[in-house]
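Each chain, letter by letter, is given below.
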Amino acid sequence: MTNEERFTVRQEGFLPDQLGIEVLEATSDRMVLAFEVAKAHQAPNGFLHAGAVVTLADTACGYGTMLALPEGASGFTTIELKSNFFATALSGRVVATAVPVHRGRTTQVWDAEVVSEESGKRMALFRCTQSVLWPR
């Protein structure tokens with residue numbers, strides 16, 4: 001089973017699955033996830049909900065962290081997520097690409113860029129800091 005298939009199975013029934021997030025590429029050096037814009041991704045005003053975009057980026061960074069955990073670590077948790085929004089999408093596929101900036105023993109930092117596949121516009125940039133968890 002590929003990493004992409006493992007993450008797809010693992011997210012079944014959870015928020016990424018509910019939002020229709022697809023795992024397109026999954027390595028410890030690059031994660032690419034996407035969703036097709038649907039009503040479930042929109043705010044009541046008809047625009048793409050920032051929370052849907054944040055979920056996409058945070059999921060990409062989190063899945064990357066899972067693949068890059070140091071040996072012996074028991075998991076991770078997001079401790080900071082910074083986002084800047086530049087554009088929206090009303091239709092089409094939204095794609096997040098996450099890459100590691102720092103992979104340490106106690107923290108990892110990942111950057112993610114979210115783009116509209118339809119327009120080619122950069123929609124948002126994210127920086128996500130993960131705390132690496134260790135067994136007690």
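The structure this text deals with has already been given above.
This structure is a prediction, so every number in the text was calculated from the model and none was measured.

Engineer: What should I look at first to understand the sheet that holds strand S5 (residues 107-116) in this one?
Structural biologist: Either a parallel or an antiparallel arrangement is found when strands of a sheet pair, and the pairing is made through backbone hydrogen bonds. Ordered by their spatial adjacency, six strands build an open sheet running S1-S2-S4-S5-S6-S3, and the pairing between neighbours is antiparallel. In this open sheet, the two edge strands, each paired with only one partner strand, are strand S1 (22-26) and strand S3 (75-85). When strand polarity is set aside, the average angle formed by the axes of neighbouring strands in this sheet is 20°. Looking at chain direction, S5 and strand S6 (residues 122-133) are connected through nine bridges and run antiparallel. Among the inter-strand pairings, glutamine 108 is bridged to a residue of S6, identified as glutamine 130. Those strands touched by helix H1 (residues 3-10) are S1 and strand S2 (31-36), and its axis lies near 145° from that of S1.

Engineer: Looking at this structure, how should I read the nonpolar core?
Structural biologist: Ranked by size, the top nonpolar core spans 29 residues in total, and within it Met31, Leu33, Phe35, Leu56, Val94 and Val114 carry the most contacts. Of all the secondary-structure elements, those providing two or more residues to this core are S1, S2, helix H3 (50-67), strand S4 (93-103), S5 and S6. A total of seven residues in this core trace back to one element, the largest contributor, which is H3. The contacts of leucine 56, once residues within four sequence positions are left out, are Ile21, Leu33, Ala34, Phe35, Val94, Val95, Ala96 and Val114.

Engineer: Looking at this structure, how should I read the pattern of salt bridges?
Structural biologist: A side chain of one charge can pair with a side chain of the opposite charge when the charged atoms of the two come close. Here the structure, examined in full by the defined rule, presents six salt bridges. A salt bridge links arginine 93 to glutamate 22; the nearest nitrogen and oxygen atoms lie 3.1 Å apart. Here arginine 93, found in strand S4, pairs with glutamate 22, found in strand S1; they are 71 residues apart in sequence, far enough to count as distant. For glutamate 22, a relative accessible area of 30% translates into the label partly exposed. Here aspartate 29 makes a salt bridge to arginine 103, at a shortest N to O gap of 2.9 Å. Here arginine 103 lies in strand S4 and aspartate 29 lies in the loop between S1 and S2, a separation of 74 residues in the sequence.

Engineer: Would you take a moment to explain the side chain of histidine 41 for this structure?
Structural biologist: With respect to the secondary-structure elements, histidine 41 resides in the loop between S2 and H3. Residues in contact with histidine 41, not counting those within four places in the same chain, are Leu19, Phe35, Glu36, Phe47, Leu48, His49 and Ala52.

Engineer: Just to check I follow, could you spell out the pairing of S1 for this structure?
Structural biologist: For a regular strand, the rule is simple: side chains alternate between the two faces of the sheet. Where S1 meets S2, four bridges bridge the pair, whose relative direction is antiparallel. Residue pairing across strands places alanine 26 opposite methionine 31, the latter belonging to S2.

Rules used in this analysis
- Residues numbered from 1 in each chain as written.
- Predicted model: local features only at pLDDT ≥ 70, side-chain atom pairs only at ≥ 80, totals over all residues.
- Heavy atoms only, no water.
- Pairing = 2+ DSSP bridges.
- Helix = DSSP H or I, 4+ residues; strand = E, 2+ residues; numbered from the N terminus.
- Axes fitted to C-alpha atoms, helices over the stretch in contact; angles between N-to-C directions.
- Contact = heavy atoms within 4.5 Å.
- Core = buried A, V, L, I, M, F, W, Y, C linked by side-chain atoms within 4.5 Å.
- Buried < 20%, exposed > 50% of the residue type's maximum accessible area, 1.4 Å probe, protein only.
- Salt bridge = Lys/Arg side-chain N within 4 Å of Asp/Glu carboxyl O.

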